[in-house]
Amino acid sequence: MSLVILDFGSQYTRLITRRFRELGAYSVILPGNASLERIQRENPVGIVLSGGPSSVYDAGAPRPADGVLDLDVPVLGICYGMQYLAQHAGGRVERAGKREYGKAELGEYGGALFEGISGEFVAWMSHSDSVTDLPPGYEVVATTTDTPVTAIEHRERRRYGVQFHPEVVHTPKGGQLLANFLDLCGAARDWTPQHIVDELTQGVRDQVGEEGRVLLGISGGVDSSTLALLLARAIGDRLTAVFIDHGLLRLGEREQVEHALRPLGVNLVTVDASDVFLEHLAGVSDPETKRKIIGREFIRAFEREARTHGPFEFLAQGTLYPDVIESAGGEGAANIKSHHNVGGLPEDLGFKLVEPFRTLFKDEVREIAQLLGLPDEIRTRHPFPGPGLAIRILGDVTREKLDVLRRVDDIFISGLREFGLYDQTWQALAVLTPIQSVGVMGDERTYRHLVALRAVSSIDGMTAEWTRLPYEFLDTVSLRIVNHVHEVSRVVYDITGKPPATIEWE
Ligand code: XMP
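Residues numbered from 1 in each chain as written. Predicted model: local features only at pLDDT ≥ 70, side-chain atom pairs only at ≥ 80, totals over all residues. Heavy atoms only, no water.

Student: Is there a simple way to explain the pairing of strand E1 (residues 2-7) in this structure?
Tutor: A regular strand places its side chains on the two faces of the sheet in alternate fashion. The buried fraction of E1 is high, at 6 of 6 residues. Side chains Ser2, Val4 and Leu6 project from E1 onto one buried face, and the interleaved Leu3, Ile5 and Asp7 project onto a second face that is buried too. In this structure, E1 lies alongside strand E3 (residues 44-49), joined through 5 bridges in parallel fashion. Looking across to E3, one finds that isoleucine 5 is bridged to valine 48. A crossover connection joins E1 to the parallel strand E2 (residues 27-31) through helix H1 (residues 13-22); in handedness this β-α-β unit is right-handed. (Buried < 20%, exposed > 50% of the residue type's maximum accessible area, 1.4 Å probe, protein only. Helix = DSSP H or I, 4+ residues; strand = E, 2+ residues; numbered from the N terminus. Pairing = 2+ DSSP bridges. Right-handed = clockwise from strand over helix to strand, strands pointing away.)

Written out as C-alpha cells, the structure is:
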C-alpha cells in the first residue's frame, strides 16, 4: 500500500515523497502518464498530482492515464495538478493576470486539508495559470489576494487541490496539510526504520530463497556497508562480501571496515590487490587513464574473487531510490545507474541483482545503518572516490607518494574530528602536488612537496562551496603536517568553489 505521486515535471516532486516518508507513510513517484495497471500495482491509498511547467490548455499537456482519476481514493492536486484536476472535472483554467511567485499569505481557509491548522498560513506560490471557474461540486477553501482560488475540495469525492506547494519548507505548515491528506487517505504511518529493516530482510529472503548465495562488493562507504549488514541479517553466511584493497585507500581504512563488519556477522573477504594496481598505474600521470586502469583492474579483481568463492547466483548492489525514479519521460525510461557500487561490472556476468535499497533515500539508509549497529565512523563518513588517493596525487602514483599522502590526510581528517568540524564538512581531502618548494627547518634549507588541503560544503557534490575553516584549525594542522611528515615543506588551502573547480583535483 502506498501513496502514488504522479510526476508532471515539477522540480519539487521528490520533496513530496520526502515529506510523506518523514510523516511515516510510504510513497512512490511514477511518471505522470503511468498506466492505470502500473498505478494499481502499487495498491494506492491516495494519489498526488504534482506540479509541472506546462499549462493544462497547451496541446500535448501531460495528463494522467484514463481511469486514474476515477479510482475511489483521495486525490490531491498540487499547482499544475490542481489545475488539471479542476479542468478535468469541468472547471476553467486561465493565464492569471498576475504571475504569483514566492510567499503569499492565505486569507480565510478551511476544509478537510486544513483541519486543525490555525493562525497565519504562509504558502509558497509559483504559477502563472489559475483556476477561474470552479468545476461542479467543488468549493473554494482558501484564497490569497492575488489568487481567489488557492485551494479547492470536493468533499464527497475526496478530491483536493492546492495552488501552492505544501511540500517546500517555505510553506511552514505544509507538513500538517500533507499529514491531513494522509489521514484522509487512511494511509498507514508505519514507515519507521525498524519496519523498513524487517520488510527488506523478508524481501531478500523471498528473493534469494533457502539456497541462493549472494556476492557483494564493499567500498567502505555507508551504502555498501549497511547493505552487508542487512544481507548478513537476512541470509547469514550465504552472503560473501568482497572488499578489494587497491592500495589507494586512506590510513587504516581496510582494518576499519573489517572491524566494523566482521563482529556483526558479515562474511567478509578482504583482498590486498595493491601490487597489481600499482604495477598497472606505474608511470601513468593522466587522470582519465588512471581512472580507466583502476576501473578495469577493479573488475578483474572482483571477478577473480567471484570465481574463487563462488558460484554465486546473485549480485547485491546498494542502488538507491534517486537512481531509479522513473523519469517523467515515461514508463520503462527508468534511469538506473547500474553497478556503481562495484565500479562498473559488465552486464554479462550472469548474476541476478539484489537491490534492497531501491526504495530508499540516502538518509533512510543512514537510519537503517544506525539500527543495524554500523559504527559512527563509517555511518557518517565523508564520500570517498572509487579511484581513491590515485586522483589526489597529481602525476604518477607510487607507494612512497601514497605513504606521504596517507599521513597528511590522516592528520587533516583526525584534526577535523578533534576540532568538531568533521560533521559540518561535506567532504575534506588532501592533495599531493608534484611541486617542490623551498623551506627551512632548523638551520637546514629544505626542498620538498607542496600539499593542498580542501574542505567543501555541498548537498550532493554537484556544486560546492569551500568551507571557511577557522584559521586556528588550519594553523594547527599545517604545523602538524610539516612537523610530522618530513617529505612536506609547505601546506596551502584550496579556496575555489565548484564550479569553477571540481571537488577533486583530478
Ligand atoms: P568532482 O571532483 O567531480 O567530485 O567535483 C564530485 C564528487 O564525486 C567524487 N568523485 C568520484 N567518485 N569515482 C567515484 O566513485 C570517481 O571517479 C570520482 N571522481 C570524483 C568526489 O570525491 C566528490 O565527492
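Let's pick the thread back up.
Student: Got a minute to help me understand the site of the ligand in this structure?
Tutor: Taken together, Arg291, Pro383, Pro385, Gly386, Pro387, Trp426, Gln427, Gly461, Lys498, Thr502, Ile503 and Glu504 make up the full set of residues near the ligand. Take lysine 498: an N or O atom from its side chain is 2.6 Å from an oxygen atom of the ligand. A distance of 2.7 Å separates an oxygen atom of the ligand from a polar backbone atom of isoleucine 503. Of the residues in the shell around the ligand, the class split is 5 nonpolar, 4 polar and 3 charged. (Near = heavy atom within 4 Å. Polar contact = N/O pair within 3.5 Å; in protein donor to acceptor, adjacent residues only side chain to side chain. Nonpolar A, V, L, I, M, F, W, Y, C, P; charged D, E, K, R; others polar.)

Student: It is not clear to me how the environment of serine 130 should be interpreted in this structure. Could you clarify?
Tutor: Locating serine 130 in the fold gives a position in strand E6 (residues 122-133). The class of serine 130 is buried, set by a relative accessible area of 8%. Considering only alpha carbons, one finds serine 130 and leucine 215, 85 residues apart in sequence, at a separation of 54 Å. With sequence-adjacent residues up to four places away left out, serine 130 is seen in contact with Gln83, Arg92, Val93, Glu94, Ala96, Thr147 and Gln163. (Contact = heavy atoms within 4.5 Å.)

Student: Explanation requested: the pattern of salt bridges in the structure shown.
Tutor: The final tally for this structure, using the stated rule, is 33 salt bridges. Here glutamate 418 and arginine 480 are joined by a salt bridge, their closest N and O atoms 3.0 Å apart. One end of the pair, glutamate 418, is in helix H13 (residues 399-418); the other, arginine 480, is in helix H14 (residues 471-484), with 62 residues separating them in the sequence. A relative accessible area of 53% places glutamate 418 in the exposed class. Judged by relative accessible area, which is 26%, arginine 480 ranks as partly exposed. What emerges from the salt-bridge pattern is a single network uniting Arg18, Arg19, Glu22 and Asp363. (Salt bridge = Lys/Arg side-chain N within 4 Å of Asp/Glu carboxyl O.)

Student: Can you help me understand the nonpolar core in this one?
Tutor: Most often, soluble globular proteins keep nonpolar side chains buried together rather than apart. Judged by nonpolar contacts, the single largest core of 101 residues is most densely connected at Leu6, Ile47 and Phe114. Looking at this core, you find at least three residues from each of domain 1 (2-185) and domain 2 (193-379). Ignoring any residue separated from it by four or fewer positions in sequence, one finds isoleucine 47 in contact with Val4, Leu6, Ile39, Val68, Leu71, Val73, Pro74, Val75, Leu76 and Phe181. Of all hydrophobic cores here, the second largest spans 47 residues; its members include Ile244, Ala306, Leu416 and Leu469. (Core = buried A, V, L, I, M, F, W, Y, C linked by side-chain atoms within 4.5 Å. Domains from an automatic or database assignment.)

Student: Explain the sheet that holds strand E11 (residues 239-245) here, please?
Tutor: Pairing in this open sheet of 5 strands is parallel, and the strands run E12-E11-E10-E13-E14 from one edge to the other. Either end of the sheet is taken by a strand with one partner, and the two such strands are strand E12 (268-272) and strand E14 (352-354). Ignoring which end each strand starts from, the neighbouring axes of this sheet average 30° apart. The pairing of strand E13 (residues 314-316) with E14 spans 3 bridges and is classified as parallel. Residue leucine 315 lies in a different strand from E14, and its bridge partner there is leucine 353. In the packing of helix H5 (residues 193-208) onto the sheet, the strands contacted are strand E10 (214-218), E13 and E14, and the crossing angle to E14 comes to about 165°. Against the sheet, helix H6 (residues 222-235) makes contact with E10, E11, E13 and E14, and its axis sits at roughly 155° relative to E10, the strand it touches most. (Axes fitted to C-alpha atoms, helices over the stretch in contact; angles between N-to-C directions.)

Student: Please clarify how the layout of surface pockets should be interpreted in this entry.
Tutor: If a probe the size of a water molecule is rolled over the atoms, the empty space left behind becomes visible. Put simply, the second largest pocket is a space of about 420 Å³. Lining the second largest pocket are 22 residues, with Tyr26, Trp191, Glu199, Leu200 and Thr359 positioned closest to its centre. Looking at the lining of the second largest pocket, the elements that each hand over two or more residues are E1 and H5. At 6 residues, H5 tops the list of elements feeding residues into the lining of the second largest pocket. Of the residues that constitute the lining of the second largest pocket, the class distribution is 12 nonpolar, 6 polar and 4 charged. (1 Å grid on protein atoms, 1.4 Å probe; cavity = no way out; pocket = protein on both sides within 12 Å on 5 of 7 lines; lining within 4 Å. Points joined across faces, edges and corners; volume = space filled by probe spheres on them.)

Student: Would you take a moment to explain the domain arrangement of the protein for this structure?
Tutor: Accessible area lost upon the coming together of the parts serves often as the stated size of an interface. Parsing the protein into structural domains produces domain 1 (2-185), domain 2 (193-379) and domain 3 (398-493). Measuring from the centre of the C-alpha atoms in domain 2 to the corresponding centre in domain 3 gives 30 Å. On the side of domain 3, 6 residues touch domain 2, which itself brings 9 residues to the contact. The largest per-residue losses of area from domain 2 upon contact with domain 3 belong to Arg250, Leu251 and Leu278, which jointly make up 59% of the total buried on that side. Put simply, domain 2 and domain 3 have 1 salt bridge between them. Among the salt bridges present, the one from aspartate 275 reaches arginine 399, with a minimum N-O distance of 2.6 Å. (Buried area = accessible area lost by both parts, 1.4 Å probe.)

Student: For this particular structure, what's the right way to read the sheet that holds E2?
Tutor: Through backbone hydrogen bonds, the strands of a sheet pair up, either in parallel or in antiparallel fashion. On the basis of which strands lie adjacent, the open sheet formed by 7 strands has the order E2-E1-E3-E4-E9-E8-E7 and mixed pairing. Every other strand in the sheet has two partners, leaving E2 and strand E7 (139-142) as the edge strands with one partner each. Across the sheet, the mean angle from the axis of one strand to that of its neighbour is 25°, orientation sign disregarded. For strand E4 (residues 75-78) and strand E9 (residues 159-162), the ladder comprises 4 bridges, and the chain directions are parallel. Bridging from a neighbouring strand, valine 75 pairs with arginine 159 of E9.

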